[in-house]
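So the chains spell out like this:
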Amino acid sequence: ELSDVLSYVYPELNDYLVDFDFRNDFLNNYFNAYKYQKLTNHILPDFLKMVEEQAKERDYNSLLPSRSSLLEKLNLENASLYFMDAMGVEYLGFVQQECNKKNLMADIKVCRAELPSLTLYNKDFVDFFKNHGIEAKNVKGIDEIKHDGTLNYSYEKTKLPIYLIQELTIIEDTLSKIQSELKSRNADRCFMIADHGATRLAVVAQKDYDYSISEFEVAADVSHGGRVCKYSEDAANLEETTCVDTADGKFCVVAGYKRFKGGRKPTVEVHGGATLEEVAVPIIEICLKRADVEIWIETPEVTVGFGINAKIKVASKNVLRNVFIEINGLKHPALESSGRNFSFDVPKNIKAGEYDVKVFESGNLLKSDLKCKIKKKMAQERNLL
């Protein structure tokens, strides 16, 4: 119901809530739930339990590769870089939707930031690109909003996450600049890379929940809204913290929604800690949509009914990967694929009629004007068989 309403009154916010496929059920469920809770400013008990479990398990180490391990594999020929400060993976569904509107193709990889999840320890990719002759274009607006800087969004003034409007505007504006840069042929590909993400729910937890156990007393210097402190034995011995070595010494970081006591409490969002929304970061390669893609439907008419293994079949002149279709508002992954030929289950309980079929590759819309007619096998036809 929320999606149906937003699609009319605020389509950009509806695009923010669009699912991004991490190709991992845990990550899909986590970030779909996180976005909804950020929008509604409310933490669900089951989600909080999951965060507290991850504060101890820290599965992101096995689920997400390091950023540095992916940099060497990037094609930097005639490329440009947009340094998206604090743009975590929660915005990836929105990025895909905006790219589809602008006829752009986005190749998205998800990796993890280094701890503490601060810019200081996550700028290695800037030097990597610079060593290849590419200067970063800094987009700091999202980070400034989260730090309660430019527009002074404060939880003390309003609990509504109205700053999200400005975050989406910044990303959309950046994608428009990328579109112009690609169309002018100043670059063949543009990268959007983030240093770290941030968490709204740690702020909500501090402000609105009975978190009398939410602050850890530690004998150490505390910074970044209580997400980070200098190493101390009492901090290191806590179940919900993790310790890391940096060039500036050893630190302890909070992996759940609690905080080290001391320093200024966050009022918008906070980072430095080790929740998934702080640690998971994207590497997005954006190019103009290919003009040579040819896709057609091989089953313009499909009969469905009891005992019929009905399939919708799609073919492509080009080799494609991670293909799915959207029909009647629902997405369906390819069941089998040769790279050029794909089959899909007919949606259950679909009514007879003609439907638009959209074809996507890795979330990028390739074709939207395909038609498929669904027919129902009549009772007299069943009796004759």
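Scroll up to find the structure.
Model, not experiment: these values are computed from the prediction.

Undergrad: Help me understand a nonpolar patch on the surface in this model?
TA: Together, Val5, Tyr8 and Val9 give the surface a local cluster of nonpolar side chains, amounting to about 390 Å² of exposed area. Within the fold, Tyr8 resides in helix 1 (residues 2-9). Tyr8 gets classed as exposed once you look at its relative accessible area, which sits at 74%.

Undergrad: For this particular structure, what's the right way to read the sheet that holds strand 3 (residues 136-139)?
TA: In a beta sheet, neighbouring strands are held together by backbone hydrogen bonds and run either parallel or antiparallel to one another. As summarised here, the arrangement of the five strands in space is 2-11-4-1-3, forming an open sheet in which the pairing is mixed. A single partner strand is all that each edge strand has here, and the edge strands are strand 2 (104-112) and strand 3. For this sheet the average axis-to-axis angle between neighbouring strands, irrespective of direction, equals 20 degrees. With four bridges joining them, strand 4 (residues 189-193) and strand 11 (residues 280-288) adopt antiparallel strand pairing. Its bridge partner being in strand 11, Met192 is matched across the sheet by Ile284. Along the sheet face, helix 7 (residues 92-101) touches strand 2 and strand 11 and points at about 165 degrees away from the line of strand 2.

Undergrad: What is the right way to look at the pairing of strand 1 (residues 79-84) in this model?
TA: Counting buried residues in strand 1 gives six out of six residues, a clear majority hidden from the surface. Of the two faces of strand 1, both are covered, the one formed by Ala79, Leu81 and Phe83 as well as the one formed by Ser80, Tyr82 and Met84. Here strand 1 pairs with strand 4 via five bridges, running parallel. In the strand pairing of strand 4, Leu81 is matched with Phe191. When strand 1 meets strand 3, the two strands line up parallel, connected through four bridges. If you follow Phe83 over to strand 3, its bridge partner there is Asn138.

Undergrad: Just checking my understanding: could you explain the environment of Met50 for this structure?
TA: The residue Met50 is located in helix 4 (residues 45-57) in this model. The exposure class of Met50 is buried, given its relative accessible area of 19%. When the C-alpha positions of Met50 and Gly256 are compared, they lie 9.6 Å apart, and in sequence the two are 206 residues distant.

Undergrad: Sorry if this is basic, but what is going on with unusual backbone geometry here?
TA: The phi angle of most residues is negative, glycine excepted, and most peptide bonds adopt the trans form. Residue Pro116 follows Leu115 across a cis peptide bond; omega there is -5 degrees. Of note in the backbone geometry, Arg58 takes a positive phi value of approximately 50 degrees without being a glycine. On the accessibility criterion, Arg58 (17% relative accessible area) is buried. Residue Ser362 is not a glycine yet carries a positive backbone phi of 50 degrees. Here Ser362 lies in the loop between strand 19 (353-361) and strand 20 (364-376).

Undergrad: Mind showing me how you'd approach the nonpolar core here?
TA: Looking at soluble globular proteins, one finds that nonpolar side chains tend to be buried together. With 90 residues, the main nonpolar core has Met87, Phe129, Phe191, Met192, Tyr257, Ile284 and Ile286 as its most contacted residues. Every residue in contact with Met192, bar those within four places of it in the chain, is listed here: Tyr82, Met84, Met87, Thr174, Leu175, Ile178, Pro282, Ile283, Ile284 and Ile286. Among the nonpolar cores identified, the runner-up in size contains 24 residues, and Val304, Val314, Ile325 and Val359 belong to it.

Undergrad: For this particular structure, what's the right way to read the pattern of salt bridges?
TA: Between side chains of opposite charge, pairing is possible as soon as their charged atoms come close. Enumeration according to the criterion identifies 27 salt bridges in this entry. With its nearest N and O atoms 3.7 Å apart, the salt bridge here joins Lys56 to Glu239. On the criterion of sequence distance, the pair formed by Lys56 in helix 4 and Glu239 in the loop between helix 12 (233-236) and strand 8 (241-246) is long-range, its members being 183 residues apart. On the accessibility criterion, Glu239 (57% relative accessible area) is exposed. The residue Glu217 makes a salt bridge to Lys261 at a minimum N-O spacing of 3.2 Å. Taken together, the residues Glu217 in the loop between strand 5 (215-216) and strand 6 (222-223) and Lys261 in the loop between strand 10 (259-260) and helix 13 (276-279) connect sequence positions 44 residues apart.

What counts and how
- Residues numbered from 1 in each chain as written.
- Predicted model: local features only at pLDDT ≥ 70, side-chain atom pairs only at ≥ 80, totals over all residues.
- Heavy atoms only, no water.
- Patch = residues over 30% accessible without salt bridge, like charges linked within 9 Å, V, L, I, M, F, W, Y side chains within 5 Å.
- Areas by Shrake-Rupley, 256 points an atom, 1.4 Å probe, with all protein chains shown as cover.
- Salt bridge = Lys/Arg side-chain N within 4 Å of Asp/Glu carboxyl O.
- Helix = DSSP H or I, 4+ residues; strand = E, 2+ residues; numbered from the N terminus.
- Buried < 20%, exposed > 50% of the residue type's maximum accessible area, 1.4 Å probe, protein only.
- Pairing = 2+ DSSP bridges.
- Axes fitted to C-alpha atoms, helices over the stretch in contact; angles between N-to-C directions.
- Contact = heavy atoms within 4.5 Å.
- Core = buried A, V, L, I, M, F, W, Y, C linked by side-chain atoms within 4.5 Å.

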